[in-house]
Structures are given as C-alpha cells and as structure tokens.
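As a plain string of letters, each chain reads:
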Amino acid sequence: MWLSPNDVVLISDPRVTALPVRECGEPLADVRGRLRVDTRLADDEGAYAHLRSGLLDRLERAERSLPDGFHLLIVEGYRPIATQRRIFETYRAELHTTFPEISPDESYIAASRYVSPVEVAPHTAGAAVDLTLCDPDGVEYDMGTQVNDNPEQSDGACYTAAPNISDDARAHRKLLAAALEPTGLVNYPTEWWHWSYGDRYWAMSTGFAHALYGPI
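Residues numbered from 1 in each chain as written. Predicted model: local features only at pLDDT ≥ 70, side-chain atom pairs only at ≥ 80, totals over all residues. Heavy atoms only, no water.

A. Quick look at the side chain of glutamate 76. Relative to the assigned elements, glutamate 76 resides in strand β4 (residues 71–76). Within the structure, glutamate 76 has its side chain in polar contact with the side chain of arginine 79 (distance 2.7 Å). Glutamate 76 has contacts with Leu41, Tyr48, His123, Ala128, Val129 and Asp130, leaving out every residue within four places of it along the chain. (Helix = DSSP H or I, 4+ residues; strand = E, 2+ residues; numbered from the N terminus. Polar contact = N/O pair within 3.5 Å; in protein donor to acceptor, adjacent residues only side chain to side chain. Contact = heavy atoms within 4.5 Å.)

What follows is the structure in structure tokens.
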C-alpha cells in the first residue's frame, strides 16, 4: 500500500483538524460560463460546477496567467456532505478488502490520502477544486495520471511530486502550480489535481489561524 511520505501532512492530521473555522459567508458561484468545465462528475443539481466566489475569482486570475495553448479544466468543485461521506466510506471499505490486516484507525488515515474525511473536507465547503490542463480544443494534457486515480491504481503517481511520471507530465504539473500558487491556492500533495483556498488545509499550509470557509 502506498503510504504518504513523511513530509506530507495528511488532511486527517490533528494539525489540520484542530484549526477553527470562521465562516465568512461568501456565496457559491457557478463556474460554467467563466471557465472550462468538464462534465465527467456532473450531478443533477450542478453542485460540481460551483465554488466559493473568492476561489473562482482566483482561478480566473490563474487562467489568465497561463501561456498560450493552455487552459484550466474544472472537473469538480462543491460536493454535498452526503456525497463526500459516501466516497470516503466506499474507498475506506476498498482498503479493508485489499489490505485486510489494517486496523480501523489505519484505514481512516490511509483513506485520507485520497478522500478527505467528511468533517474536514474542503469540497463540502466549496473551497476545493479538482482540475487539470487542456488545450483550446479541450484535449487534456499529459499529467501523469487521470484526475482521481487513487494511489493503488497509479502506483503512487497521483502524488504531486511522484518520481514515476514522464518529463512532460512533470512539466505540466509545474505549469499548473505556477499558475495557481501565486493566486493563493495550495495543493494537497497526494493529489496533483486537488487545490484549495480558505479551508483548514489551506490555513495549515499558509500559517493562517483559521479557515475562512466551512461546510455548506
């Protein structure tokens, strides 16, 4: 099983979960019509295509900074609490099936490499976005794995700094980071596609005293 490198703080870590939330009340905004949006994870209510308005503003700034021929492609934003809980528990059950020797505590931590526990999940706050890069025709660039490939499927290549990816994929990941980091977003290092702003993981990563966005 791919365990997180020692220098990666998982979202289930007490350094993250202990941070308070001071909800700023910022509304959700529809990404559609403002940035390119993929429909592979579309839900009937369109939740996937919504983000906190401040996060969406930052993504638009990042889009404008990309070189010619590159665009952000939004895959998923806001995720209702029930959906988040189902995804987490399903993946945790898969880990128990694949690795029957692990304890419940170990499966909770291992699952958090790939899916946030619902109590701290930034997607439920509209504070996280799963995204990739595409060309003007919507064709996705090589990023080393598909969006949402888990550590077992990808042999750990989903980790942002994974060594087992091509030079092109590594360059594309660096290009994505170069556009997003200056706008204030932070990456979850076990998932190259997952970036957030205003959530507890962002607060931990930036040294901010509290999160700006809580579950919706």
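Okay, back to it.
B. Just unusual backbone geometry, in detail. The backbone of asparagine 148 sits at a positive phi, close to 80 degrees, despite the residue not being glycine. Looking at the element boundaries, asparagine 148 is found in the loop between β5 (128–134) and α5 (151–154). Taking the relative accessible area as the measure of exposure, asparagine 148 reaches 22% and is therefore partly exposed. Despite not being glycine, aspartate 155 has its phi angle at roughly 55 degrees, a positive value. On the basis of relative accessible area, aspartate 155 is assigned to the partly exposed category, the value being 48%. (Buried < 20%, exposed > 50% of the residue type's maximum accessible area, 1.4 Å probe, protein only.)

Fair warning: the whole summary comes from geometry, so function is off the table for now.
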